[in-house]
Amino acid sequence: MSTVPSGGNRPRSAARSPALTPPADAIAPVRHPDAPAPGELLGSHYAHCFGCGDEQPHGLHLQARAGEGVSITAEFTVRPSHQGAPGLAHGGVLATALDESLGALSWLLRVVAVTGKLETDFVRPVPVDSVLFLAAEATAVSGRKIFCSATGRLGSPEGPLALRADALFVEVKVDHFIDNGRPEEIRAAMADPDQVRRARAFEVNP
Ligand SMILES: CCCCCCCCCCCCCCCC(=O)SCCNC(=O)CCNC(=O)[C@H](O)C(C)(C)COP(=O)(O)OP(=O)(O)OC[C@H]1O[C@@H](n2cnc3c(N)ncnc32)[C@H](O)[C@@H]1OP(=O)(O)O
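Now for a description of the structure that goes with this document. In this text the structure is predicted, and so the values were computed from the model without any measurement. (Residues numbered from 1 in each chain as written. Predicted model: local features only at pLDDT ≥ 70, side-chain atom pairs only at ≥ 80, totals over all residues. Heavy atoms only, no water.)

## Observations regarding the site of the ligand
Link 1 in the chain: Within the structure, the ligand sits among 19 residues, and Asp99, Thr115, Gly116, Arg144 and Lys145 are positioned closest to it.
Link 2 in the chain: In this structure, an oxygen atom belonging to the ligand sits 2.8 Å away from a side-chain N or O atom of Asp99.
Link 3 in the chain: Thr115 is positioned such that a nitrogen or oxygen atom in its backbone is 3.0 Å from a nitrogen atom of the ligand.
Link 4 in the chain: Burial of the ligand by the surrounding chains reaches 57%, relative to a free accessible area of 1,300 Å².
Link 5 in the chain: Considering every element that reaches the shell around the ligand, the biggest residue donor is strand β3 (residues 113–122), with five residues.
Link 6 in the chain: Of the residues that constitute the shell around the ligand, the class distribution is ten nonpolar, five polar and four charged. (Near = heavy atom within 4 Å. Polar contact = N/O pair within 3.5 Å; in protein donor to acceptor, adjacent residues only side chain to side chain. Areas by Shrake-Rupley, 256 points an atom, 1.4 Å probe, with all protein chains shown as cover. Helix = DSSP H or I, 4+ residues; strand = E, 2+ residues; numbered from the N terminus. Nonpolar A, V, L, I, M, F, W, Y, C, P; charged D, E, K, R; others polar.)

## Some words on unusual backbone geometry
Link 1 in the chain: The residue His61 is not glycine, and still its phi comes out positive at about 55 degrees.
Link 2 in the chain: Tracing the sequence through the fold places His61 in the segment before β1 (63–66).
Link 3 in the chain: Phi angles above zero are rare outside glycine, and Asp129 is one such case at about 80 degrees.
Link 4 in the chain: Relative to the assigned elements, Asp129 resides in the loop between β3 and β4 (131–142).
Link 5 in the chain: For Asp129, a relative accessible area of 58% corresponds to the exposed category. (Buried < 20%, exposed > 50% of the residue type's maximum accessible area, 1.4 Å probe, protein only.)

## Quick word on the environment of Ala24
Link 1 in the chain: Within the element layout of this structure, Ala24 appears in the segment before β1.
Link 2 in the chain: For the pair Ala24 and Ser142, spaced 118 residues apart in sequence, the C-alpha to C-alpha distance is 9.3 Å.

## Digging into a nonpolar patch on the surface
Link 1 in the chain: Where nonpolar side chains cluster on the molecular surface, the patch consists of Ile178, Met190 and Val196 and spans about 230 Å² of accessible area.
Link 2 in the chain: As for its position among the elements, Met190 is in helix α4 (residues 183–190). (Patch = residues over 30% accessible without salt bridge, like charges linked within 9 Å, V, L, I, M, F, W, Y side chains within 5 Å. Salt bridge = Lys/Arg side-chain N within 4 Å of Asp/Glu carboxyl O.)

## A look at the nonpolar core
Link 1 in the chain: By size, the foremost hydrophobic cluster in this structure holds 43 residues, and its most contacted members are Ile72, Phe76 and Leu102.
Link 2 in the chain: At the level of elements, β1, β2 (71–77), α1 (91–103), α2 (106–109), β4, β5 (145–154) and β6 (161–171) are the ones that each hand at least two residues to this core.
Link 3 in the chain: The residues contacting Ile72, other than those within four sequence positions of it, are Leu42, Ala64, Arg65, Ala66, Gly67, Ser101, Ala104, Leu105, Leu108, Leu134, Ala135 and Ala136. (Core = buried A, V, L, I, M, F, W, Y, C linked by side-chain atoms within 4.5 Å. Contact = heavy atoms within 4.5 Å.)

## Some points on the pairing of β2
Link 1 in the chain: Examined bridge by bridge, β1 and β2 share four bridges and lie antiparallel to one another. Across the sheet, the residue bridging to Ala64 is Ala74, located in β2.
Link 2 in the chain: Hairpin remark: β1 followed by β2, antiparallel, with four residues in the connecting loop; positive phi at Gly69, about 60 degrees.
Link 3 in the chain: Relative to β4, β2 runs antiparallel, the two sharing seven bridges. Across the sheet, residue Thr77 finds its bridge partner in β4, namely Val131. (Pairing = 2+ DSSP bridges.)

Quick look at the structure:
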């Protein structure tokens, strides 16, 4: 059963882009046998990541936890620095929190994947100081394409639905970052054994 409950007044599938609907031959996502156990904190994939990095002072500092199957949960406290309108969270920040939660599913699949498409519904305004309870789940896999969904609820995992997203992540090799990232950060990342270990932890066949 889905751990990412649908919400709002209309069926999500009626509104999302065709590219976010898995093809008929898509398969169910498979949790990797070495994936962190349900309840375990997943940690950051990169210390300077805006979404999850400990060393990113401007970041969201999301901490995701493994759930059952290929799912995660995370909490995000909306700070004054996340405002768009007075006292309300900026939509781009909220989309980032969803993106980061969806990206954390990689730890359970043990693939390296990047966001190809992210479609977000902003269902309710999110005030500063709110705690958003995020839940993300991979729903289907087709070749390199990972279809996934996420929700954000206010105040508790059962709280009012504030956000909903459907996304397509695309599996890439670590070379995607090495070839495209700014050389100084890539050099630093590759010289950091802990970072290399984390990158390898995503790969089934390192
Ligand atoms: C030492 C270094 C350590 C590094 C350690 C890193 C650790 C791990 C970090 C993870 C980080 C996560 C962080 C959070 C998640 C982000 O925020 S990731 C950042 C944001 N995303 C990006 O920057 C991605 C930019 N885009 C791209 O690089 C390329 O477009 C992509 C997505 C890789 C796809 O390009 P491609 O590999 O050439 O693949 P392509 O054949 O075009 O597409 C493959 C399939 O996907 C479909 N597709 C692709 N894009 C789309 C789209 N937008 N809409 C619909 N369909 C699409 C294609 O139609 C195709 O479908 P099929 O024909 O197979 O049916």
